[in-house]
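What follows is the residue order along each chain.
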Amino acid sequence: MLFLLMAPAPTPVTLSAQAGQTVTLTVRLPAPDSGVLLNRGAPNSLILKTPWGQWKKSPSGRPFVNGGAEFSGYFGQVHPVILSFKVPARTPPGPHNAQLALQLFTCNRQEKLCQQKDLTYPLTIQVGDRQQGGRLDVPASALQRPFKPGG
C-alpha cells in the first residue's frame, strides 16, 4: 500500500484594512541556507489578486557568491517582497477573499534539481476599523522537489 504525505493546506493570512487606506503584505522567501536557491535570471513573480485588482512584483536580493560559478545565477539573499495596495473608499466592511500566486524557479543544491514551482496562498482582507498589514513566510519545504511515485 502506498501512502503519500501531503502538506497541510496553508492557513489563510488575514490583513486588517480600513476602506480608503493602503495595506501591506510582506512575503519572505526561504533563505539559501535552507538548501533551496532562487534563480535570479528567471521570471520569478508574486501576484497578489484582490477583489480590487492585482499587483505583481519580482523578488530581489544579492547574488549567491559562496557557491562558486555553478551557483552565481542564484540569490544569496532574498529581500522580503512588499506588496501594497489600496482598499477602495466605499468597500463594505467584512471579509474579502484574495490570494497570492507565486511562480518561482528554484534549484535544490543537494540534489541539483531545478524546477518551476507554482504556489497559491489564500488571503483574507478584513475591512473594518483596524489597519494592520500581514506577513507570509513561504516555507522551504514548499519549494522542495515533490514526491513522484516510482521516480
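Coordinates for the structure precede this section.
Before going into details, it helps to say that this report is about the structure given with it. (Residues numbered from 1 in each chain as written. Predicted model: local features only at pLDDT ≥ 70, side-chain atom pairs only at ≥ 80, totals over all residues. Heavy atoms only, no water.)

### Quick look at the overall build of the chain
Then, in step 1: Counting its regular elements, the chain contains zero helices and eleven strands.
Then, in step 2: What you see in the chain, going N to C, is helices and strands ordered as β-β-β-β-β-β-β-β-β-β-β.
Then, in step 3: Burial status across the chain gives 40% buried among its 151 residues.
Then, in step 4: Within the chain, residue pairs in contact and separated by at least 24 positions form 73% of the contacts whose partners lie at least 6 positions apart. (Helix = DSSP H or I, 4+ residues; strand = E, 2+ residues; numbered from the N terminus. Buried < 20%, exposed > 50% of the residue type's maximum accessible area, 1.4 Å probe, protein only. Contact = heavy atoms within 4.5 Å.)

### Some thoughts on the pairing of strand β8 (residues 81-86)
Then, in step 1: Going residue by residue along β8, you find V81, L83 and F85 tucked away on one face and I82, S84 and K86 left uncovered on the opposite face.
Then, in step 2: Pairing analysis gives six bridges linking strand β2 (residues 22-28) to β8, with the strands arranged antiparallel. What sits directly across from T26, in β8, is I82. (Pairing = 2+ DSSP bridges.)

### Some points on the pairing of strand β4 (residues 45-50)
Then, in step 1: In terms of burial, β4 is largely enclosed, as five of its six residues are buried.
Then, in step 2: Direction of pairing for β4 relative to strand β9 (residues 94-108): antiparallel, over a ladder of five bridges. Residue pairing for β9: L48 is matched across the bridge by L100.
Then, in step 3: The sheet contact formed by β4 and strand β5 (residues 53-57) spans five bridges and is antiparallel. Paired with K49 across the two strands is Q54, which belongs to β5.
Then, in step 4: Linkage of β4 to β5, two consecutive antiparallel strands, is achieved through a turn of two residues.

### Observations regarding the side chain of T26
Then, in step 1: Relative to the helices and strands, T26 is located in strand β2.
Then, in step 2: Classification of T26 by relative accessible area gives buried; the value is 16%.
Then, in step 3: In this structure T26 touches P80, V81, I82, G134, R135 and L136, once residues within four positions along its chain are discounted.

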